[in-house]
Amino acid sequence: MQTLWQDLRYGARILMKKPGFTLIAVITLALGIGANTAIFSVVNAVLLRPLPYHDSDRLVVLSTSEDKDGALGNTGYTTFVDWRERSRSFERMVVIRSWGGALTGQGEPEVIRGLRVSADYFKLLGVSPALGRDFRVEEDRPDTRFVVVISHTLWQRRFNSDPQVVGKQLILSDQPFTVVGVMPPSFTDFLAANFQEAAEIWGPVGYDITQPFACRSCEHLKAIARLKPDVTLAQARSEMSAIMNVMSREHPTTYATPAINVARLQDQFTGAIRPALYLLLVAVGLVLLIACANIANLLLTAGSERAREMAIRAALGAGRWRIARQLLLEGLLLSLAGAGAGLLLALWGTDLLTGLSPAKMLQLQTVTTDARVLVFTLLVSLLTGLLFGLAPALQAARQDAQLALKESAKSSPSKRQRRLRESFVVAEIVFALALLIGAGLLIRSFMHVLDTRPGFESRNLLTMMIPASSAKKYNDDAQVRAFYSEAVKRIESLPGVEAAGVVSNLPFGGNMDMYGFHVEEKPLANPAEAPSAERYSVSPDYLRAMGIPLLRGRGFIEQDGANAPLVTLINRTAAQRIWPNEDPLGKRIRLGGLESPLRVIVGVVGDVNHYNLETAPDLQAYVPHAQWTDSYMQLVVRTTAEPGSLTAPVRQAIHALDPDVPLHKIATMRQLVSTSAAQRRFTLTLIAVFAAVALLMAAIGLYGVMAYSVAQRAREIGIRVALGAQSADVLRLVVGQGLRLVALGLAVGLMAALALMRLMKKLLFEVSATDPMTFVGVATLLALVALLACWVPARRATKVDPMIALRCE
């Protein structure tokens, strides 16, 4: 132990005597270790750390269908009741759905979003209100569901943190609700994030199986359950599969297949981002390996200069292990110093990552440096020290002490030493090339995403939600229609407004209603097998305001009123898929179930991307708002100027019509489209930064090796010049040596990238994982940067004075 302490002290003195070398090494390691720690903090928060609920690994989601992003699929209420009564694998099972309304009577009206939940929802999560209580079973009925639990932020904002708030009423869409509880400030409802909303209020679902919207095919609810302690996920899946087989035989026209999805709740949250996080983890790993190769080369260079020192230590009795241990400890000291600086960098980096992350990735808001992250940083630093310290230690342990004492400290390194340093450079080029190709493929994918036409014109388009949800003022469809009709007329009369309209489900707005698409002349033996269509209730001028093209037939007109014949528009995809060789105009369809009324197709419009730019449009159907009246409509305003400048005039026009109508989700359409690509942009930004760092490190590593080689070959170059070699000859000699390393690195790197990039297929959009343009372009870029790194020391070599070089020797 005493000798170990002596070696540590000696290593620290050696590093302090070379402050320039030590500073460069620590900064390089801080970048590599800090980036790894920051990304691992994200991976830890999103993939490794359990959800902040009691025994969250036993929480599962059940569904008979999947959303477009594959997360938290839907089910119907009666189906849920059957599951709950027949299954034995779960302690509790609940359903939830999105909910909200206009909060009035307490200052500025605003839309409050939250969830309708089963009575034992909070018990299932294992959380309790900080004030009051949660719901009782008898409150989860249609006639007694007018109670709410509110969030801590809503309690502070609208009730001034009143400790006596329990028992008071709040008015939501003109309906009084009694506050029964306030959630603690630490509670975050990740389930609400699936609806792209932050929950501030919770109320009972209040369904029973007699209600029309509680039917089996009314799949608008999400079912969550908690496994019993002695039940595995596989056992639960087996039981639910058997139950669905029975239910599909009992109700063959409801369930097209007996399929059921049972998955861990956390997996549903992380499924979309998991591949991107793994890719980022690989990327920062490559950056760290490049940093290790650079430091190893620095230590090898320093080791060559310390050859006589190590030989003297050996002559004085130090064994090979003692010499190797000394160099390993020096590397370990460097890595620990780099880890300390990297941890500080990671603390700043995680804040930056949180700021850059998409708003829907709520788990990134909980990124912290916990014990697992600290252990990871320590292990990475130890492994890093071992990686870059091993080569110099082995080199020193293998050297011939007598030969080293005879040779000058400035003698040329051995062939083995040169090859070792050059191999590190080749490895850096391989790692950098793989990372740059990955970044290049993501950049090309992102450009393809941005080039995708969403099916409407996003410029100069202002959007907002204006819910006519007041139960007193708009208690029937006629009043709702009158409000929206008058609102559109007033907004269209504003200066700077070209057109305006309302829609029930705004593209890129985060919501959608799916309805069965039944064709009159093509009945199905099993109606449950009918496709579903995205349904939009729109005002007559909506298509013009959005810039959605009318391809055939006519659009909606004012005469398509509540008492007029029912009409509909379909998109091009629906026309081509359902009537590939026919004219769909005049055909009749039902939207919903077979009991729904028939609607005549009067026009065909262009496809519209609804969810994001990457998801291809599916079947879409438009109906006049006068014939299918919704009270939660979103306004679109086509402007002749910058759309944000119309926010205040539009607000004044709406509040002049009804001061209690809140304006919610105010944004330009370009902001919504941009937000839809936020996760891809987040991944691309980080990969691009890491690739740039890798490119810089690889160039520095190559420059260092070439500069050291020039210094070691000064005598040889001097002799060549003395014998008549021209500057071009010397330049060719040095650059050629460097380019041979680059060529080898590119050859190996391209083969490695061809294998690795196939793992990125899920993250690419309209770009092949082996895209030749990207591979050739990145290889060319890296070759040019490498050429520059070789050219600088080569130019220095051409200026060697042969007399000075020979005199020094």
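Residues numbered from 1 in each chain as written. Predicted model: local features only at pLDDT ≥ 70, side-chain atom pairs only at ≥ 80, totals over all residues. Heavy atoms only, no water.

Colleague: Before we move on, can you summarise the overall build of the chain with the specific residues and values?
Modeller: Per the secondary structure count, the chain includes 24 helices and 21 strands. Out of the 809 residues in the chain, the part that is buried amounts to 53%. In the chain, once contacts between residues fewer than 6 apart in sequence are set aside, the share between residues at least 24 apart is 82%. (Helix = DSSP H or I, 4+ residues; strand = E, 2+ residues; numbered from the N terminus. Buried < 20%, exposed > 50% of the residue type's maximum accessible area, 1.4 Å probe, protein only. Contact = heavy atoms within 4.5 Å.)

Colleague: Give a detailed account of the nonpolar core, specifying residues and quantitative values.
Modeller: In summary, soluble globular proteins display a tendency toward joint burial of nonpolar side chains. Judged by nonpolar contacts, the single largest core of 95 residues is most densely connected at Tyr 542, Met 546, Ile 548, Tyr 622, Phe 690 and Leu 702. Tallying contributions element by element places helix 14 (residues 415-451) first for this core, with 15 residues. Once residues lying within four places of it in the same chain are set aside, the contact partners of Tyr 622 are Tyr 536, Val 538, Tyr 542, Leu 543, Ile 548, Phe 556, Val 567, Thr 568, Leu 569, Val 605 and Val 608. Ranked by size, the runner-up nonpolar core spans 29 residues in total, among them Ala 119, Leu 125, Val 149 and Leu 191. (Core = buried A, V, L, I, M, F, W, Y, C linked by side-chain atoms within 4.5 Å.)

Colleague: Provide a residue-level description of the side chain of Ser 458, including the pertinent values.
Modeller: Its location among the elements puts Ser 458 in the loop between helix 14 and strand 11 (461-467). Residue classification places Ser 458 among the buried positions, given a relative accessible area of 15%. Beyond its immediate stretch of four places on either side in the chain, Ser 458 contacts Met 669, Arg 670 and Val 673.

Colleague: Describe the pairing of strand 5 (residues 147-150), and please don't skip the residues or the numbers.
Modeller: Burial along strand 5 is two-sided: Val 147 and Val 149 facing one way and Val 148 and Ile 150 facing the other are all buried. As judged from the two bridges shared by strand 5 and strand 8 (residues 201-204), these two strands associate in the antiparallel manner. Opposite Val 149, over in strand 8, you have Trp 202 as the bridge partner. (Pairing = 2+ DSSP bridges.)

Colleague: Explain the packing of aromatic side chains residue by residue, including any values.
Modeller: According to the stated counting rule, one finds 15 aromatic pairs in the structure shown. Between Phe 122 and Phe 135, the ring centres sit 6.1 Å apart and the planes meet at 35 degrees, which makes this aromatic pair tilted. Remark: Phe 135 occurs in the loop between strand 4 (131-132) and strand 5 and Phe 122 occurs in helix 4 (residues 121-125); sequence separation between them is 13 residues. Judged by relative accessible area, Phe 122 falls into the buried class, the value being 0%. Between Phe 483 and Tyr 484, the ring centres sit 5.1 Å apart and the planes meet at 70 degrees, which makes this aromatic pair edge-to-face. Of the residues examined, Phe 483 reaches a relative accessible area of 4% and is grouped as buried. (Phe/Tyr/Trp six-rings, centres within 6.5 Å; stacked < 30°, edge-to-face > 60°.)

Colleague: Describe helix 7 (residues 233-250), and please don't skip the residues or the numbers.
Modeller: An ideal rise of 1.5 Å per residue puts 26 Å on 18 residues; helix 7 measures up with 26 Å between its terminal C-alpha atoms. When helix 7 is considered as a whole, its buried residues turn out to be Leu 233, Ala 236, Met 240, Ile 243, Met 244, Met 247 and Ser 248. All buried residues of helix 7 lie within an arc of 135 degrees about the axis, which places them on one face of the element. Of the exposed residues in helix 7, those oriented more than 90 degrees away from the buried face are Ala 234 and Arg 249. If you follow the buried residues of helix 7, they end up packed against strand 1 (59-63), helix 3 (77-86), strand 2 (90-104), strand 9 (222-227) and strand 10 (261-264). (Expected span 1.5 Å × (residues − 1). Arc of directions from axis to C-beta.)

Colleague: Residues and numbers for the packing of helix 15 (residues 477-492) against helix 18 (residues 647-657), please.
Modeller: Contact geometry for helix 15 and helix 18: axes closest at 10 Å, N-to-C directions at 140 degrees. Looking at the two axes, helix 15 sits oblique to helix 18. For helix 15 against helix 18, the interelement crossing comes out right-handed. Of the residues in helix 18, those touching helix 15 at Phe 483, Glu 486, Ala 487, Arg 490 and Ile 491 are Val 650, Ala 653, Ile 654, Ala 656 and Leu 657. For the contact of helix 15 with helix 18, the residue count by class is eight nonpolar, no polar and two charged. (Axes fitted to C-alpha atoms, helices over the stretch in contact; angles between N-to-C directions. Parallel < 35°, antiparallel > 145°, perpendicular 65-115°, else oblique. Left-handed = near helix turned anticlockwise from the far one by under 90°. Nonpolar A, V, L, I, M, F, W, Y, C, P; charged D, E, K, R; others polar.)

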